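Structure at a glance
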Amino acid sequence: MVEFYKTVDGRITEISDFAEGCWVNMVHPSSDELEEIAREAHVEEEFIRAALDPEESSRVETEDDQLLMIVDIPMVEKSSVEDGGQMFSTLPMGIVVAQNAVITVCLEDSIILRSIAEGAVKGVHTALRTRFVFQILLRVAGRFLKNLRMIERDFTRIEKRLYDSLKNEELIQLLGLSKSLVYFSASLKGNEVTMEKVLRGRVLKLYEDDRDILEDALIEIRQAIEMAGIYSSILSGTMDAYASVVSNNLNIIMKVLTVLTIIMTIPNIIFGFYGMNIEGGGLPGDFVWWIPLLISVAACFFAWFMLKKKNLD
């Protein structure tokens, strides 16, 4: 899919074809679409194709008058409405700055770019290429922060359910959130390095107002890195506490079962002696049926008292 947008009368508007100073939004483009846009924008096709590799890392590259910037963006990998559990991942997005246009390439449609296309971001001018690129980076950083708050909210919800029940479902959800935080941390650090390289002004000409936007984006990226680290530590501590609670509950259950086994063994021993067919066994009270029962009850109470005295009950 290829879409063309351009700022007209202060508002971003979708246009039907490529034009000077436009924004080209490409989502999982075909080979023909890649060739066509590369020819019209006068850029290397490999620049546009680079972001289509899901394993591509965040980086910035220049060649002649072309600039390729690849940044990781957050994506919702799995969402469950029933239990509120979500898993997040990251996906590379390419931003190509050509002489006459800005091109964004991604394997999936992103809410970040969709919000810009729908006019949710104020002050967007596609002809001001540097500012437009930095506005995209600012939206990427803001989206990371928003998804981190969603992770924190899901974690709080799961933690409350852990107090009521200890199920594998909650543990699997916690593992999913932990995995999401690992992805976010790695991607955020890569984006930070890329933005710092751009901020030094060696790969893209910076203007004073544009520099402020990039600095704001970099501040939010660093804030997101710190938040991801804090949430990872809290989540790790909660999972350790979860494992300790499960282990402690298992020990309590095993102790109770052991005490019951010891106490219930005593009547079996006594009834076994009285049940032997030995003439003249000489056991006390073998001529009255309730004598063995009384001895068993007394022995059980004595065993329970001794175990309680040793704090083993």
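Structural data are supplied above this passage.
By convention here, each chain's residues receive numbers from 1 onward along its written sequence. Given that this is a predicted model, residues contribute local features only at a pLDDT of at least 70 and side-chain atom pairs are listed and counted only at 80 or more, while totals for whole chains, interfaces and linings are drawn from all residues. Hydrogens and water are ignored here; the side-chain numbers use all heavy atoms of the structure.

A word on the overall build of the protein
- Elements are defined by DSSP. Helices are runs of H or I of four residues or more, strands are runs of E of two residues or more, and each kind is numbered from the N terminus. Along its length, the protein carries 7 helices and 7 strands.
- When each of the 313 residues of the protein is scored for burial, the buried share is 44%.
- Residues count as neighbours in contact if any of their non-hydrogen atoms are within 4.5 Å of one another. Of the contacts formed within the protein by residues at least 6 apart in sequence, a portion of 61% connects residues at least 24 apart.
- Only the protein chains shown count as cover for residues, and the accessible areas themselves come from Shrake-Rupley with a 1.4 Å probe. Carbon and sulfur atoms make up 56% of the accessible area of the protein, which amounts to about 17,500 Å² in all. Using a 1.4 Å probe on the protein chains alone, a residue whose accessible area is under 20% of its type maximum counts as buried, one over 50% counts as exposed, and one in between counts as partly exposed.

Re the packing of aromatic side chains
- Each pair of aromatic rings taken from Phe, Tyr and Trp, with Trp reduced to its six-membered ring, is defined by centres within 6.5 Å and is described as stacked if the planes are under 30 degrees apart, edge-to-face if over 60, and tilted in the remaining cases. Under the definition given, this model contains 4 aromatic pairs.
- Residues Phe-144 and Phe-184 carry aromatic rings whose centres are separated by 5.2 Å and whose planes lie at 85 degrees to one another, so their mutual orientation is edge-to-face. In this pair, Phe-144 is assigned in helix α4 (residues 129-164) and Phe-184 in helix α5 (residues 168-199), connecting sequence segments 40 residues apart.
- Linked through ring pairs, Tyr-5, Trp-23 and Phe-132 together constitute an aromatic cluster.

Some words on unusual backbone geometry
- For His-28, which is not glycine, the phi dihedral falls at a positive 45 degrees.
- Within the secondary structure, His-28 is located in the loop between β3 (22-27) and α1 (31-41).
- Look at His-42: it is not a glycine, yet its phi comes out positive at around 60 degrees.
- Along the chain, His-42 turns up in the loop between α1 and α2 (45-49).
- Judged by relative accessible area, which is 59%, His-42 ranks as exposed.

Some details on the nonpolar core
- If you look at the biggest cluster of nonpolar residues, it comprises 84 residues, and the most contacted ones within it are Ile-48, Met-93, Ile-103, Phe-134, Leu-137 and Leu-148.
- Of the residues forming this core, the biggest block, 15 residues, is contributed by α4.
- Leaving out residues up to four positions away in the same chain, Ile-103 has contacts with Val-24, Met-26, Ile-37, Ala-41, Val-43, Ile-48, Gly-94, Ile-95 and Val-96.
- Think of a nonpolar core as a cluster: buried Ala, Val, Leu, Ile, Met, Phe, Trp, Tyr and Cys residues, connected wherever their side-chain atoms sit within 4.5 Å. Counting residues in each nonpolar core, the second largest holds 7 residues, with Ile-263, Ile-270, Cys-300 and Leu-307 among its members.

Some thoughts on the pairing of β3
- Of all 6 residues in β3, 6 are buried, a share of seventy percent or more.
- Side-chain alternation along β3 places Cys-22, Val-24 and Met-26 on one buried face and Trp-23, Asn-25 and Val-27 on a second face that is also buried.
- Paired strands, as defined in this entry, are two strands with at least two bridges between them according to DSSP. The pairing of strand β1 (residues 2-8) with β3 spans 4 bridges and is antiparallel. Of the residues in β3, the one forming a bridge with Tyr-5 is Trp-23.
- Of the pairings in the sheet, the one linking β3 to strand β7 (residues 101-106) comprises 6 bridges and is parallel in character. Across the sheet, the residue bridging to Met-26 is Val-105, located in β7.

Remarks on α1
- Of all the positions in α1, only Leu-34, Ile-37, Ala-38 and Ala-41 are classed as buried. Seen from one end, α1 has its buried residues packed into an arc of 100 degrees, which puts them on one side. In this structure, α1 carries Asp-32 and Arg-39 as exposed residues pointing more than 90 degrees from its buried face.
- Buried residues along α1 sit against β1, β3, α2 and β7. The directions from the helix axis to the C-beta atoms form the arc being described.

What about the pattern of salt bridges?
- In the sections that follow, a salt bridge refers to a side-chain nitrogen of Lys or Arg positioned within 4 Å of a carboxyl oxygen of Asp or Glu. Applying the stated criterion across every chain, the model contains 8 salt bridges.
- For Arg-49, the salt bridge goes to Glu-45, with nearest N and O atoms at 2.2 Å. With Arg-49 and Glu-45 both in helix α2 and 4 residues apart, the pair spans about one turn of that helix.
- Of the residues examined, Arg-49 reaches a relative accessible area of 29% and is grouped as partly exposed.
- Taking relative accessible area as the criterion, Glu-45 reaches 23% and is therefore assigned partly exposed.
- Connected via shared salt-bridge partners are Glu-3, Asp-109 and Arg-114.

Side note on the layout of surface pockets
- Roughly 280 Å³ of internal volume is contained in the largest pocket.
- Of all the elements in the fold, those that place two or more residues in the lining of the largest pocket are β5 (66-79) and α4.
- With 3 residues, α4 is the largest single contributor of residues to the lining of the largest pocket. Using a grid of 1 Å spacing that covers the protein atoms alone, one calls a set of points a cavity when a 1.4 Å probe fits there but cannot get out, and a pocket when the set is open and has protein on both sides within 12 Å along at least five of seven lines; lining residues are those with an atom within 4 Å of a point. Grid points are joined across faces, edges and corners, and a volume is the space filled by probe spheres set on the points.

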